[in-house]
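Tertiary structure, described
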Amino acid sequence: MTPKPSSRSASPLARPRESRLSMLHLAPESLGFALDCAGQAVGAVRLGAALPAALQAVFVPAPEGSAAAARGAVQDIAYRTMRRLATVEWLIAKLVKKAPPPHVGHVLACSLALLVDDEANAAYAPFTVVDQAVSAIGARREFAFAKGLVNAVLRNFLRERETLLNAAQADEVARWNYPAWWIDAVKRAWPDTWQAVLAAGTTQGPLTLRVNARRSTVDAYLQVLQNHHIAASRAGDYAVKLDTPMPVDRIPGFNDGVVSVQDAGAQLAAQLLGVRDGMRVLDACAAPGGKTGHLLELANLQLVALESDASRARRIGENLQRLKLEAEVRIGDAGAPAKWHDDIDQPFDRILADVPCSASGIVRRHPDIRWLRRASDIPALVAEQRRILDALWPLVKSGGELLYVTCSIFPEEGELQAQWFGDKHQDAVRLDAPGQLLPSVARAPADTSAGSDAGQPAEDSAGANSDHDGFFYARFQKR
Ligand SMILES: C[S@@+](CC[C@H](N)C(=O)[O-])C[C@H]1O[C@@H](n2cnc3c(N)ncnc32)[C@H](O)[C@@H]1O
């Protein structure tokens, strides 16, 4: 789920007039321009905005013609910075005596995020980063005074790089790049594998495709990719993982609906529901429609796709249009069926309850989530998930099934929730399902580093040594 802007800060993207930035005099294709824009996006996330919305807000006023040239670089820098935010904020605190103005701090954070990788993996040469960061700060009239500071901080970092990065390891937050409450929660939940779970979440997820079963097979599609000289491998019954991510419009067959982008762990949902032609199915929290599309690829269904957020619901239609498939899209609250379900006599054969959750299992694709969530969000989400489950259960036909799904790694939203449901609903029989899938990163056989999936099963239900996000699956049948 793409995280929504936090309700705590009503409009983190709207700057008060007095804090608006002055004109930026930089070429849109320069690294300095990208650092400035990424710095603005990081600043918005720090005020509570979701990163995709923050990036969108940065691009809107960008000079004409700059979007295409700069968008990729800005996005890449902002996402990298989110994954290393605690490390770079720790470094800034070490390297400056007095906290700089927020925009200067955010540009510094983005610049350091480009410098912490060793030179072999770095996206830009270190001195280019320093030079362009200084230009970015100098190009805003109100911050030009801080050019010397930015130059000194970045050069000092490069001089003391190893010592500083080693010292950062002693600070858990700076080392793992999650808030302290999150690190504690993962340690409590997964005492034997917590390091691998945290490390997996700071990698960049692969580009995984779902092959449309109506149009092709994994083997046939791998052949198509090979003909296009695109390296890829099987990652599940319908899943293909590209060795190198690429824009979707360059992926063969994407625009025609032969494949969709979907994580290998997420692809299990439609398979676990065991849908057959003619079934009546409710996809209860459906937007943007990833799992809706998969269900319809597997069988001819009477499918109701329910979503509470009208703007997100539009994306279900867009996705299905590309796949040339149809569902009945309804806007409504899954926790209040009386408002959208008037066919009381027609219960469902299958219900997919892909409920709102912490999204803690998909942080490698949405690295901002960890900085937006608060520990107090978890009990609120647990209560909401229970409300939705209680309301949906009466809509399941006798002999029918409900699949409970979260993209969370916290047991409160996973196994504990499934146990609560089974205890409460005596007519619910728990069926076989994967339970908790922890995020895993495919690795070479000899790799036993902390960043590998050490401590996790070598093989799981998403495929042998596959590379997938974190999910929880529980399946219940009504007696
Ligand atoms: C995890 S996402 C669903 C992802 C979707 N199943 C897919 O595979 O593309 C959860 C969705 O539930 C929606 N939602 C949240 N609360 C809801 C409610 N009470 N009733 C219906 N939908 C809800 C959110 O807006 C969000 O789009």
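Throughout this description, residue numbers start from 1 for each chain and increase along the sequence as written. Only residues with pLDDT of at least 70 are given local features in this predicted model, and only at 80 or more are side-chain atom pairs given and counted; all residues enter the totals for whole chains, interfaces and linings. No hydrogens and no water enter the side-chain calculation; it runs on all heavy atoms of the structure.

**Re the UniProt feature "active site" (unreviewed entry) in the protein chain**
Quick note on the threshold: UniProt positions are given in the numbering used here, feature names are shortened, and annotations may be inferred rather than shown by experiment. Note on conventions: DSSP H or I runs of at least 4 residues are helices, E runs of at least 2 residues are strands, and numbering of each starts at the N terminus.
UniProt's entry tags Cys407 with the feature "active site" (unreviewed entry), counted in the numbering of this structure. Along the chain, cysteine 407 falls in the loop between strand S9 (396-406) and helix H18 (415-424).

**A closer look at the sheet that holds strand S5 (residues 280-283)**
As a general point, the strands of a sheet are linked pairwise by backbone hydrogen bonds and lie either parallel or antiparallel. Test applied: Strands were regarded as paired on the criterion that DSSP finds at least two bridges between them. All axes here are fitted lines through C-alpha atoms, helices being fitted over the stretch that makes contact, and every angle between N-to-C directions spans 0 to 180 degrees. Contacts are assigned to residue pairs that have any heavy atoms within 4.5 Å of one another.
The strand order S7-S6-S5-S8-S9-S13-S10 describes an open sheet built from 7 strands, whose pairing is mixed. In this open sheet, the two edge strands, each paired with only one partner strand, are strand S7 (328-331) and strand S10 (428-437). Pairwise comparison of adjacent strand axes, ignoring direction, gives a mean angle of 15° for this sheet. Judged from the 7 bridges that link them, S10 and strand S13 (residues 471-478) form a sheet pairing that is antiparallel. For glutamine 436, the partnering residue across the bridge sits in S13 and is phenylalanine 472. Docked against the sheet, helix H14 (residues 290-298) engages S5, strand S6 (302-307) and strand S8 (348-354), running at close to 180° with respect to S6. Contacts from H18 reach S9, S10 and S13 within the one sheet, and its direction differs from that of S13 by about 10°.

**Things to note about the environment of leucine 91**
To keep things clear, this is the line we draw: Burial classes follow relative accessibility: with a 1.4 Å probe on protein chains only, a residue under 20% of its type's maximum area counts as buried, one over 50% as exposed, and anything between as partly exposed.
The topology assignment puts leucine 91 in helix H4 (residues 85-95). Classification of leucine 91 as buried rests on a relative accessible area of 0%. Sequence spacing of leucine 91 and alanine 168 is 77 residues, and the spatial spacing of their C-alpha atoms is 7.7 Å. With sequence-adjacent residues up to four places away left out, leucine 91 is seen in contact with Leu112, Val116, Phe157, Leu164 and Leu165.

**Remarks on unusual backbone geometry**
A cis amide bond, omega 5°, links alanine 287 with the succeeding residue proline 288. By the secondary structure assignment, proline 288 is in the loop between S5 and H14. The phi torsion at alanine 359 lies on the positive side, around 60°, for a residue other than glycine. You can see alanine 359 is positioned in the loop between S8 and helix H16 (369-372).

**Some remarks on the pattern of salt bridges**
To be explicit about the condition: For this document, the term salt bridge refers to a Lys or Arg side-chain nitrogen within 4 Å of an Asp or Glu carboxyl oxygen.
Tallied over the entire structure, the rule returns 24 salt bridges. Where arginine 350 meets glutamate 401, a salt bridge forms, and the shortest distance between an N and an O atom there is 3.7 Å. Taken as a pair, arginine 350 in strand S8 and glutamate 401 in strand S9 lie far apart in primary sequence, 51 residues in all. Judged by its relative accessible area of 7%, arginine 350 is buried. In this structure glutamate 401 comes out as buried when scored by relative accessible area, which is 8%. Of the charged contacts, one joins glutamate 401 and arginine 475 as a salt bridge, the two residues approaching to 3.0 Å between their closest N and O atoms. Placement of glutamate 401 in strand S9 and of arginine 475 in strand S13 is noted, with a sequence separation of 74 residues between them. Accessibility assignment for this pair places glutamate 401 and arginine 475 in one class, buried. Several salt bridges share partner residues, and in doing so they unite Lys241, Asp263, Arg364, Arg365, Asp467 and Asp469 into one network.

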